[in-house]
Amino acid sequence: MSKRQSDFPAHMGALFALIGLFIAISLFNHHMVTPDMDVGDEQAALTRARMYGILTGIPVGGTIGFWIGKLIQHLRNAKTKEQAQ
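If you're wondering where the values come from, they're calculated on a predicted model, not measured in any experiment.

Basis of the calculations
- Residues numbered from 1 in each chain as written.
- Predicted model: local features only at pLDDT ≥ 70, side-chain atom pairs only at ≥ 80, totals over all residues.
- Heavy atoms only, no water.
- Helix = DSSP H or I, 4+ residues; strand = E, 2+ residues; numbered from the N terminus.
- Rg over C-alpha atoms; globule rule 2.2 N^0.38 Å.
- Buried < 20%, exposed > 50% of the residue type's maximum accessible area, 1.4 Å probe, protein only.
- Contact = heavy atoms within 4.5 Å.
- Areas by Shrake-Rupley, 256 points an atom, 1.4 Å probe, with all protein chains shown as cover.
- Patch = residues over 30% accessible without salt bridge, like charges linked within 9 Å, V, L, I, M, F, W, Y side chains within 5 Å.
- Salt bridge = Lys/Arg side-chain N within 4 Å of Asp/Glu carboxyl O.
- Expected span 1.5 Å × (residues − 1).
- Phe/Tyr/Trp six-rings, centres within 6.5 Å; stacked < 30°, edge-to-face > 60°.
- Lys NZ or Arg CZ within 6 Å of the ring centre and 35° of its normal.
- Axes fitted to C-alpha atoms, helices over the stretch in contact; angles between N-to-C directions.
- Parallel < 35°, antiparallel > 145°, perpendicular 65-115°, else oblique.
- Left-handed = near helix turned anticlockwise from the far one by under 90°.
- Nonpolar A, V, L, I, M, F, W, Y, C, P; charged D, E, K, R; others polar.

1. A few points about the overall build of the chain
Reasoning step 1: From N to C terminus, the chain includes 2 helices and 0 strands.
Reasoning step 2: In terms of C-alpha radius of gyration, the chain reaches 19 Å, well past the compact-globule figure of 12 Å for 85 residues.
Reasoning step 3: With the principal axes as the frame, the chain shows a C-alpha extent of 70 × 25 × 10 Å.
Reasoning step 4: Each of the 85 residues in the chain was classed as buried or not, and the buried ones make up 22%.
Reasoning step 5: For the chain, restricting intrachain contacts to residue pairs at least 6 apart in sequence, the fraction spanning at least 24 positions comes to 80%.
Reasoning step 6: Carbon and sulfur atoms provide 65% of the accessible area of the chain, an area that totals close to 6600 Å².

Encoded structure:
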């Protein structure tokens, strides 16, 4: 009987991707919109900020979360193997 593969790193990646999405969008909003912009320019900057936030936040957050999940999984496995001995 084969050992079941854990989905923990994938779940951590999805969680970090969601968090990274919101952080990236808020940072881009903060840096791209200035107080002296017209309404049309401000809307265009907000649209670009959302686009850049999606394009950077999801892949970066997902990758970081996946590898943190793999690290936690490895440390848990090492701890259980140590306790079994």
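What follows continues from the structure just given.
2. Some words on a nonpolar patch on the surface
Reasoning step 1: A cluster of nonpolar side chains, namely Leu-15, Ile-19, Ile-23 and Leu-27, defines an oily patch on the protein surface of about 350 Å² accessible area.
Reasoning step 2: Within the secondary structure, Ile-19 sits in helix H1 (residues 8-32).

3. Quick notes on H1
Residues spaced three or four apart along an α-helix face the same direction, because each turn holds 3.6 residues.
Reasoning step 1: The end-to-end C-alpha distance of H1, which contains 25 residues, comes to 36 Å, matching closely the 36 Å that a straight helix rising 1.5 Å per residue would cover.
Reasoning step 2: When H1 is considered as a whole, its buried residues turn out to be Pro-9, Met-12, Gly-13, Ala-17, Gly-20, Leu-21, Ala-24, Ile-25 and Met-32.
Reasoning step 3: Buried positions along H1 lie against helix H2 (39-84).

4. Observations concerning the packing of aromatic side chains
Reasoning step 1: Counted by the stated rule, this structure contains 2 aromatic pairs.
Reasoning step 2: Aromatic pair Phe-66 and Trp-67: ring centres 5.2 Å apart, planes at 80°, arrangement edge-to-face.
Reasoning step 3: We classify Trp-67 as exposed; its relative accessible area is 55%.
Reasoning step 4: Over the ring of Phe-8 we find Arg-76; its NZ or CZ atom is 4.8 Å from the centre of that ring.

5. With respect to the packing of H1 against H2
Reasoning step 1: Between H1 and H2, the shortest axis-to-axis distance is 5 Å and the interhelical angle comes to 150°. When the axes of H1 and H2 are compared, the pair comes out roughly antiparallel. Between H1 and H2 lies a crossing whose hand is right-handed.
Reasoning step 2: Along the lines of polarity and charge, the residues of the contact of H1 with H2 split into 21 nonpolar, 11 polar and 4 charged.

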